[in-house]
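Chains, contacts and geometry: an overview
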Amino acid sequence: MLQDEREDRLGFARRTTYALLTLSGPGLVEGFGGSNQPGLEAARRTVALFQAHLRQMQYFAEIAEVRLEQVAKALAVGA
């Protein structure tokens, strides 16, 4: 396991996800082909980790939006 991955799993997952988006399709096939099936599975788990984080952040952002709306309403009543 890379030191970077041990120290900052989420950052590693984010960087891996973005890197996978910038690589060419043939480059990805070549990189994960042959005997690198474990690498492909590890990359899938890493991307899934980042996706779960994004879903959680979306949930928190929605809650924050509701709370801000409540504050705006309270301020409007008090004005």
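Summary of the structure given here. (Residues numbered from 1 in each chain as written. Predicted model: local features only at pLDDT ≥ 70, side-chain atom pairs only at ≥ 80, totals over all residues. Heavy atoms only, no water.)

Per the secondary structure count, the protein includes four helices and zero strands. Seen in sequence order, the protein has helices and strands lined up from the N terminus as α-α-α-α. Scaling as 2.2 N^0.38, a compact globule of 79 residues should have a C-alpha radius of gyration of about 12 Å, whereas the protein reaches 20 Å, well beyond that. Dimensions of the protein, computed from the C-alpha atoms along their principal axes, are close to 65 × 25 × 15 Å. Burial analysis of the protein (79 residues in total) assigns 10% to the buried set. Surface accessibility of the protein: about 6400 Å² in total, with carbon and sulfur atoms responsible for 60%. Both charge centroids of the protein, one from 9 positive and one from 9 negative side chains, sit 4 Å from each other. (Helix = DSSP H or I, 4+ residues; strand = E, 2+ residues; numbered from the N terminus. Rg over C-alpha atoms; globule rule 2.2 N^0.38 Å. Buried < 20%, exposed > 50% of the residue type's maximum accessible area, 1.4 Å probe, protein only. Areas by Shrake-Rupley, 256 points an atom, 1.4 Å probe, with all protein chains shown as cover. Lys, Arg positive; Asp, Glu negative; His and termini not counted. Charge placed at Lys NZ, Arg CZ, Asp CG, Glu CD.)

Glancing now at the pattern of salt bridges. Inspection of the entire model under this criterion finds one salt bridge. Residue glutamate 41 is joined to arginine 44 by a salt bridge in which the shortest nitrogen-to-oxygen separation is 3.5 Å. Taken together, the residues span about one helical turn, with glutamate 41 and arginine 44 both in helix 4 (residues 37-78) at a distance of three residues. You can call glutamate 41 partly exposed: its relative accessible area is 29%. (Salt bridge = Lys/Arg side-chain N within 4 Å of Asp/Glu carboxyl O.)

In this model helix 4 runs 62 Å from its N-terminal to its C-terminal C-alpha over 42 residues, within 8% of the 62 Å that 1.5 Å per residue would give. Every buried residue of helix 4 is listed here: Ala43, Thr46 and Phe50. (Expected span 1.5 Å × (residues − 1).)

A few words now on the packing of aromatic side chains. A full pass over the atoms with the stated rule returns two aromatic pairs. Arranged with centres 5.8 Å apart and planes meeting at 75°, the rings of tyrosine 18 and phenylalanine 50 form a pair that is edge-to-face. A residue pair is termed long-range when its members are at least 10 positions apart, and tyrosine 18 in helix 2 (residues 9-22) and phenylalanine 50 in helix 4 qualify at 32 residues. The class of tyrosine 18 is partly exposed, set by a relative accessible area of 44%. Residues tyrosine 59 and phenylalanine 60 carry aromatic rings whose centres are separated by 5.8 Å and whose planes lie at 55° to one another, so their mutual orientation is tilted. Assessed through its relative accessible area of 41%, phenylalanine 60 is described here as partly exposed. (Phe/Tyr/Trp six-rings, centres within 6.5 Å; stacked < 30°, edge-to-face > 60°.)

Remember, this is a structural readout, not a statement about activity or role.
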